[in-house]
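Residue-level structure breakdown
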Number of protein chains: 2
Amino acid sequence: MDHPTETLNKTDALMRRYGHAELPMAGPWNDTIELLLAHKSIRAFRSDPLPEGTLETLAAAAQSAATSSNMQMWSMIAITDPTIKSEIAKASQNQKHIEQCPLFIAFIADVSRNQRVGARAGTALPVLDHFESFLVASIDAALAAQNAVIAAESLGLGTVYIGAMRNDPRRVADLLGLPAAALGVFGLCVGYADETVTTDVKPRLPQNAVLFHGRYGVTSESTLIDAYDQDMGAFSKRHEMSDDTWTKRVINRQSNIKNLNGREALIDILHAMGFGLK
Amino acid sequence: MDHPTETLNKTDALMRRYGHAELPMAGPWNDTIELLLAHKSIRAFRSDPLPEGTLETLAAAAQSAATSSNMQMWSMIAITDPTIKSEIAKASQNQKHIEQCPLFIAFIADVSRNQRVGARAGTALPVLDHFESFLVASIDAALAAQNAVIAAESLGLGTVYIGAMRNDPRRVADLLGLPAAALGVFGLCVGYADETVTTDVKPRLPQNAVLFHGRYGVTSESTLIDAYDQDMGAFSKRHEMSDDTWTKRVINRQSNIKNLNGREALIDILHAMGFGLK
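Our subject in this report is the structure included herewith. Being a predicted model, the structure only gives us computed values, none of them experimental.

1. Describing the pattern of salt bridges
- Tallied over the entire structure, the rule returns 25 salt bridges over all chains.
- Linking Glu132(B) and Arg166(A) is a salt bridge whose minimum nitrogen-to-oxygen distance equals 2.7 Å. Of this pair, Glu132(B) sits in helix 7 (residues 131–154) while Arg166(A) sits in the loop between strand 3 (158–162) and helix 8 (169–176), placing the two residues on different chains.
- Of the residues examined, Glu132(B) reaches a relative accessible area of 3% and is grouped as buried.
- Arg120(B) is paired through a salt bridge with Asp226(A); the nearest N and O atoms lie 2.7 Å apart. Within this pair, whereas Arg120(B) is found in helix 6 (residues 112–121), its partner Asp226(A) is found in helix 10 (residues 221–239), the two belonging to separate chains.

Below you can see the structure in the form of structure tokens.
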């Protein structure tokens, strides 16, 4: 049986996450799940340094995530130097939080380490030339990074992912001294949130639009998206100076390839960076 | 200041994760971080059903992960039907834990939902035809799945990712009724661990082989991998009936494309499944 306060927390957490459209069943609950549900991206940081050893704890959490066949084809580079952070910000649409956060972590989809393992043993590793290896490296970097995010949030820190680190991967590779077959696949800002800047949990699509049972289904999708559009319109009006619905956001962002800011050439760039994508 | 028991837990957790080669600094610590560090993949499950609402809680955790520009290009399909689980197991190298676990979740890199949003609005969304959109969908599915894994483990459940779900993506798409531009990117078994089967935390590469400061570096890599090879050799001997080092594992797995079991054709299959990968 849940305690009354637990039930309150649970309902409150679900309402923040799903807006008022349609709440999913409130299942098992605990403090860890409450932490996960309360996630919000932080884009304004205090300059306070992090406690000693924080980076090492985040890295240990990251390395504890599953990795395909234990191949561990990812790396992380911690950047605290203001000059380098500023150069990465310039290459990433001038996102000021990259400069502001005390710790920026570049996550690397890293096929190069295993290439070196093969070279040292004098053995060709043709699997590494396949697209599957790039995909595994990217997915494993994401699993690792998400563990680092959970660890950071459990320590009272805020984070935001930087997908714009893919806008100009060769510039990022130069800045970080990456070998061939290593991509800065995304970044992560870490620091204490500047609490003078209001943020709130962002509602997501109703659970039934994303979670299916047995088979994929779209029969109620339009209705669910309509309800979400209303919620996101209200959320945007409160927080983001426009009152765009989710549908409008999707269309604004995905109807014009200019919004890819360089990422429209990503697959060609990956070839040029030495990834075999067979 | 840490409590004495906390320091013990921390050192113990770090030693399990990193073997005896080289322990990283023991930074800030708490119960959540202890949970993350204690991860181990589970491949033998009891048949016990999960508490009511477990799936919905895992989905709420998954949806709480960050998603690029809130585009939410992923979905999850819960599979409990033994016949479908058995067919997915057949398509995934006959991994028996897929049949054994009470809940199998297929995570979908799902570009199709946003395609439908554009179609409904009568607007072309050319961004979706770019490789970047496939990559975002795969990464966001991974961030979401890792949150589900953490939630499951916090509830005392075990999990294992199934990358072999990419061996025959069109068969999986048929089984799950996926539309075009939707890939079952990996699966996840969820259930109570069969505790008669011994498992243990698997050591990872020394932290200094994966975490860099400011710039990528390989100067001490060979030494670090040699130390890890010793540790993994000993771990394998204790747990896995062979005493292969990590180097040997990498070479065994990645020197022969037969080990890709169909995934060597993945990029062509993705094209055939309706992903634009421009």
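2. Re the packing of helix 7 (residues 131–154) of chain A against helix 7 of chain B
- Relative to each other, helix 7 of chain A and helix 7 of chain B sit at 45°, their axes nearing to 8 Å. Considered as vectors, helix 7 of chain A and helix 7 of chain B are oriented oblique to each other. The hand of the helix 7 of chain A/helix 7 of chain B crossing is right-handed. Listed contacts from helix 7 of chain B to Phe131(A), Phe134(A), Leu135(A), Ser138(A), Ile139(A), Ala142(A), Leu143(A), Gln146(A), Asn147(A) and Ile150(A) of helix 7 of chain A are Phe131(B), Phe134(B), Leu135(B), Ser138(B), Ile139(B), Ala142(B), Leu143(B), Gln146(B), Asn147(B) and Ile150(B).

3. A closer look at the packing of aromatic side chains
- One pass over the structure, following the stated rule, counts 17 aromatic pairs over all chains.
- When the ring of Phe131(A) is compared with that of Phe131(B), the centres are 5.8 Å apart and the planes differ by 70°; the resulting orientation is edge-to-face. Of this pair, Phe131(A) sits in helix 7 while Phe131(B) sits in helix 7, on two different chains. Accessibility classification places Phe131(A) together with Phe131(B) in one group, the buried group.
- With centroids separated by 6.1 Å and ring planes inclined at 40°, the aromatic side chains of Phe134(A) and Phe131(B) adopt a geometry described as tilted. Remark: Phe131(B) occurs in helix 7 and Phe134(A) occurs in helix 7; the pair is interchain, linking two chains.
- Judged by relative accessible area, which is 1%, Phe134(A) ranks as buried.
- With relative accessibility at 1%, the residue Phe131(B) sits in the buried group.

4. A word on the pairing of strand 2 (residues 103–110) of chain B
Residue and element names in this part refer to chain B.
- Among the 8 residues in strand 2, 8 count as buried, and that is most of the element.
- Residues Leu103, Ile105, Phe107 and Ala109 line one face of strand 2 and the alternating positions Phe104, Ala106, Ile108 and Asp110 line the opposite face, and both faces are buried.
- Bridge count for strand 1 (residues 74–79) against strand 2 is 6 bridges, and the pairing is antiparallel. Residue pairing for strand 2: isoleucine 79 is matched across the bridge by phenylalanine 104.
- Judged from the 8 bridges that link them, strand 2 and strand 4 (residues 182–191) form a sheet pairing that is antiparallel. If you follow aspartate 110 over to strand 4, its bridge partner there is alanine 182.

5. Description of the packing of helix 4 (residues 82–91) of chain B against helix 8 (residues 169–176) of chain B
All names here are of chain B.
- Running from amino to carboxyl end, helix 4 crosses helix 8 at an angle of 170°, the nearest separation of the two axes being 10 Å. Judged by the angle between their axes, helix 4 and helix 8 are roughly antiparallel. Across the interface between the two elements, Ile84, Glu87, Ile88 and Ala91 of helix 4 pack against Arg171, Leu175 and Leu176 of helix 8.
- Along the lines of polarity and charge, the residues of the contact of helix 4 with helix 8 split into 5 nonpolar, no polar and 2 charged.

6. Let's talk about the sheet that holds strand 4 of chain B
- Strands sit in the order 5(A)-1(B)-2(B)-4(B)-3(B) across an open sheet of 5 strands; the sheet is mixed. Single-partner strands in this sheet number two, and they are strand 5 (211–213) of chain A together with strand 3 (158–162) of chain B. The sheet shows a mean angle of 25° between the axes of neighbouring strands, taken without regard to direction.
- In terms of strand pairing, strand 5 of chain A meets strand 1 of chain B through 3 bridges, oriented parallel. When the bridges of strand 1 of chain B are listed, Leu211(A) appears paired with Met76(B).

The rules we used
Residues numbered from 1 in each chain as written. Chains lettered and ligands numbered in written order. Predicted model: local features only at pLDDT ≥ 70, side-chain atom pairs only at ≥ 80, totals over all residues. Heavy atoms only, no water. Salt bridge = Lys/Arg side-chain N within 4 Å of Asp/Glu carboxyl O. Helix = DSSP H or I, 4+ residues; strand = E, 2+ residues; numbered from the N terminus. Buried < 20%, exposed > 50% of the residue type's maximum accessible area, 1.4 Å probe, protein only. Axes fitted to C-alpha atoms, helices over the stretch in contact; angles between N-to-C directions. Parallel < 35°, antiparallel > 145°, perpendicular 65-115°, else oblique. Left-handed = near helix turned anticlockwise from the far one by under 90°. Contact = heavy atoms within 4.5 Å. Phe/Tyr/Trp six-rings, centres within 6.5 Å; stacked < 30°, edge-to-face > 60°. Pairing = 2+ DSSP bridges. Nonpolar A, V, L, I, M, F, W, Y, C, P; charged D, E, K, R; others polar.

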